[in-house]
Amino acid sequence: MQMDLHQRYGFTPVINARGTFTPLGVSRSSRQVGDAVAAALGGFFVIDELLAAVSREIAGVSGAEAATVTHCAAAGITLAVAAAMAGSDPERIAALPDANGMPDRVVLPAGHAVDYGHPIVTDIRLAGATPVMAGRPDACSIDDIESALAHERTACLLLVSSRLVGGAEVDLAQAVAAARRRGVPAIIDGAAQDLRLERLLATDADLVVLSAQKYLAAPTAGLIVGRADLVQACRAQERGIGRAMKPTKEAVVGVLAALQERRDLDLEAWSARQHRKLAGFIEQAGRVPGLQASAVPDPTGLPFARACLSVVRGAGRRDAAALARALRAGTPSIWLMDHQAADGRLMLELVPLDDREIQVILGRLAELLAAPPGEAV
Ligand SMILES: *Cc1c(COP(=O)(O)O)cnc(C)c1O
């Protein structure tokens, strides 16, 4: 199916070793999820029933009270903030993003003001709220959070669980407890952390926001999981700003199918498969002249590791940045994580890749490191 679309429309074939990267289509859904989506497109449904089914399924696997679906996690963050500001009050819902008379300050640790393609503070502002940074980008104490929360117009605390978070680690459970003492909800953006949902809920957060299209590999959708009254308040935003952030029927049905697959997944066996795939890659990449390869665990505790390639400096040899550019310029176009290229390192996430794709990457690496940079290969 994939090749067909690339041929039919002349799209560039891509091997994505860059992780759940939005500009490349994020993830690969299974055949079952694709079939469910195709079936949904041809039918009519009572959308409330579809959303209730997702809520039951998530409650069943995570123990959360309730859940709902939005267009994506960014929309989920905006709607969770709006829910904290307006609750289920129809007048307030109709008024947003005009936050006049409502609590409108959203506190977040300064190091949590991440940019995942756009700044997360934009999600806050879209609800009509004002982001308030606690602490400094490199360090934020629970005291810093307490003092930022101590204001009568505080709507909620927003925390982020992601490898993009900067600075010293903030203890999420302690931060949530600070919000609880202040009497405001705590929301965690765990967009790429569906595999750690239970851990995030265990912080006692009121709401956790996830992307369904990342490791869950559903169609693009956001999931808001947590306290039933707040989930209901997020849904009530359908009559306000949430109209522009609604999920499609096919996305909700695709999420349902992906959640059922996740429930049946043997996570330990999955993790062991990822480990074997990575170990094989590292062994072969380490034999390419000019490369050193090692495994780097996910900094947030996701159950897989990534490959780190150190490009050894050598006469006439491409450096890491040039190697990444050459991989991307080839056919298929190979994408990897190049945020540490200035330090000579490239990272690869192999989770969605099959053996054939991994061999293509290894072949290209060997070719490019053997040839002088001026020469086309
Ligand atoms: C991907 C991501 C988002 C946005 O998710 P979408 O579903 O693409 O809107 C938000 N926060 C973090 C930390 C992310 O990684």
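Each chain carries its own residue numbering, running from 1 in the written order of its sequence. Where local features are concerned, this predicted model is filtered to residues with pLDDT of at least 70; where side-chain atom pairs are given and counted, the filter is 80 or more; whole-chain, interface and lining totals use all residues. Hydrogens and water molecules were not included; the side-chain quantities draw on all heavy atoms of the structure.

Once that is clear, we can look at the overall build of the protein chain. Secondary structure assignment for the protein chain yields 14 helices and twelve strands. Taking 2.2 N^0.38 as the reference for a compact globule, 377 residues should give roughly 21 Å; the C-alpha atoms of the protein chain span a radius of gyration of 22 Å, in line with that estimate. Under the convention used here, a 1.4 Å probe and the Shrake-Rupley method define accessible areas, while residue burial counts only the protein chains that appear. Total accessible area on the protein chain is roughly 17,700 Å²; 52% of this is exposed by carbon and sulfur atoms. In this count, Lys and Arg are taken as positive residues and Asp and Glu as negative ones, while His and the chain termini are left out. To locate a charge, take NZ of a lysine, CZ of an arginine, CG of an aspartate or CD of a glutamate. Across the protein chain, the centroid of the 38 positively charged side chains sits 4 Å from that of the 42 negatively charged ones. The secondary structure listing takes helices from DSSP runs of H or I that are at least 4 residues long and strands from runs of E that are at least 2 residues long, numbered from the N terminus. C-alpha atoms define the radius of gyration, and 2.2 Å times the number of residues to the power 0.38 defines the globule rule.

It is worth spelling out the pattern of salt bridges at this point. What counts as a salt bridge is simple: a side-chain nitrogen of Lys or Arg found within 4 Å of a carboxyl oxygen of Asp or Glu. Per the counting criterion, the structure on display carries 21 salt bridges. Of the charged contacts, one joins Arg 8 and Asp 4 as a salt bridge, the two residues approaching to 3.8 Å between their closest N and O atoms. Taken together, the residues span about one helical turn, with Arg 8 and Asp 4 both in helix α1 (residues 2-9) at a distance of four residues. Remark: exposure states derive from per-residue accessible area (1.4 Å probe, protein chains only) relative to the maximum for the residue type, with buried under 20%, exposed over 50%, and partly exposed in between. Among the residues examined, Asp 4 registers a relative accessible area of 41% and is labelled partly exposed. Ionic pairing is found between Arg 153 and Asp 104, a salt bridge with its closest N-O pair at 2.9 Å. Within this pair, whereas Arg 153 is found in the loop between α7 (142-149) and β5 (154-160), its partner Asp 104 is found in the loop between α5 (90-95) and β3 (105-109), the two being separated by 49 residues in sequence. According to the relative accessible area criterion, Asp 104 is buried, its value standing at 11%.

Each aromatic ring pair is specified by the distance between its two centres and by the angle formed by the two planes. Geometry of aromatic contacts follows a simple scheme: Phe, Tyr and Trp rings, the Trp one being its six-membered ring, pair when their centres are within 6.5 Å, and the pair is stacked under 30 degrees between planes, edge-to-face over 60, tilted otherwise. Taken as a whole and assessed by the stated rule, the structure comprises four aromatic pairs. The interplanar angle of 80° and the centroid separation of 6.2 Å between the aromatic rings of Trp 270 and Phe 304 together place this pair among those described as edge-to-face. Taken together, the residues Trp 270 in helix α12 (residues 267-286) and Phe 304 in the loop between β9 (291-297) and β10 (305-311) connect sequence positions 34 residues apart. As far as the burial class goes, Trp 270 and Phe 304 line up, both buried. An aromatic cluster of at least three residues, connected via ring pairs, comprises Tyr 215, Trp 270 and Phe 304. Over the aromatic face of Phe 21 sits the side chain of Arg 18, whose NZ or CZ is 4.1 Å from the ring centroid. For a ring to carry a charge above it, either NZ of a lysine or CZ of an arginine must fall within 6 Å of the ring centroid while also lying within 35 degrees of the normal to the ring plane.

In this model, Leu 96 is joined to Pro 97 through a cis peptide bond whose omega is 15°. On the secondary structure map, Pro 97 appears in the loop between α5 and β3. Note that the residue after Thr 331, namely Pro 332, is joined by a cis bond; omega there is -5°. Here Pro 332 is to be found in the loop between α13 (320-329) and β11 (333-336). Unlike most non-glycine residues, Asp 204 shows phi in positive territory, near 80°. Mapping Asp 204 onto the fold places it in the loop between α9 (197-201) and β7 (207-211).

Two strands make a pair as long as DSSP finds a minimum of two bridges between them. As summarised here, the arrangement of the seven strands in space is β2-β8-β7-β6-β5-β3-β4, forming an open sheet in which the pairing is mixed. Two strands lie at the open edges of the sheet, namely β2 (66-70) and β4 (130-134), each paired on one side alone. Across this sheet, the average inter-strand angle for adjacent strands is 25°, counted without regard to direction. Pairing of β7 with strand β8 (residues 222-226) involves five bridges; the strand directions are antiparallel. When the bridges of β8 are listed, Val 209 appears paired with Ile 224. We call two residues in contact when some of their heavy atoms are within 4.5 Å. To obtain each axis, a line is fitted to C-alpha atoms, and for helices this fit is confined to the stretch in contact; angles are then taken between N-to-C directions over 0 to 180 degrees. Where helix α8 (residues 172-182) meets the sheet, it contacts β5 and β6 (186-189), and its direction lies at approximately 175° from that of β5.

Take the domain arrangement of the protein chain next. Interface size, as often reported, equals the accessible area lost upon joining of the parts. The split into domains, and so the bounds of each, comes from an automatic or database assignment of domains. Taken domain by domain, the protein chain comprises domain 1 (31-264) and domain 2 (266-370). Every contact between the two is made by eight residues of domain 1 and, on the other side, 14 residues of domain 2. Two parts lose some accessible area (1.4 Å probe) when they are put together, and adding that loss for both gives the buried area. The largest share of the area that domain 1 buries against domain 2 comes from Arg 163, Leu 195 and Tyr 215, three residues that together contribute 68% of it. The interface formed by domain 1 and domain 2 contains zero salt bridges. Any pair of nitrogen or oxygen atoms within 3.5 Å is treated as a polar contact; in protein, a donor-acceptor pairing is required on top of that, and neighbouring residues in sequence qualify only through side-chain atoms on both sides. In this structure, the connection of domain 1 to domain 2 is made through three residue pairs in polar contact (both at pLDDT 80 or more). Only Asp, Glu, Lys and Arg are considered charged in this grouping, and only Ala, Val, Leu, Ile, Met, Phe, Trp, Tyr, Cys and Pro are considered nonpolar; every other residue, Gly among them, is considered polar. Split by residue class, the side of domain 1 that touches domain 2 holds three nonpolar, two polar and three charged.

Within α7 the residues assigned to the buried category are Ile 142, Ile 145, Ala 148 and Leu 149. Buried residues of α7, viewed axially, fall in a sector of 125°; they line one side. The inward-facing, buried residues of α7 abut β3, β4, β5 and α8. For this quantity, the arc is that covered by the directions from the helix axis to the C-beta atoms.

The next subject is the environment of Arg 328. With respect to the element layout, Arg 328 can be found in helix α13. Under the relative-accessibility criterion, Arg 328 is labelled partly exposed at 32%. Between the C-alpha atoms of Arg 328 and Gly 60, which are 268 residues apart in sequence, the distance is 42 Å. Sequence-distant contacts of Arg 328, defined by excluding residues within four places in its chain, comprise Arg 18, Ser 333, Ile 334, Trp 335 and Asp 338.

So, on to the site of the ligand. All residues adjacent to the ligand are Cys 72, Ala 73, Ala 74, Tyr 116, Ser 162, Asp 189, Ala 191, Ser 211, Gln 213 and Lys 214. Within the side chain of Ser 211, one N or O atom sits 2.7 Å away from an oxygen atom of the ligand. Take Gln 213: an N or O atom from its side chain is 2.9 Å from an oxygen atom of the ligand. For the ligand, whose accessible area on its own is 380 Å², the fraction buried by protein is 91%. Broken down by class, the residue content of the shell around the ligand amounts to five nonpolar, three polar and two charged. Whether a residue is near a molecule or strand is decided by its heavy atoms; if any one of them lies within 4 Å of it, the residue is near.

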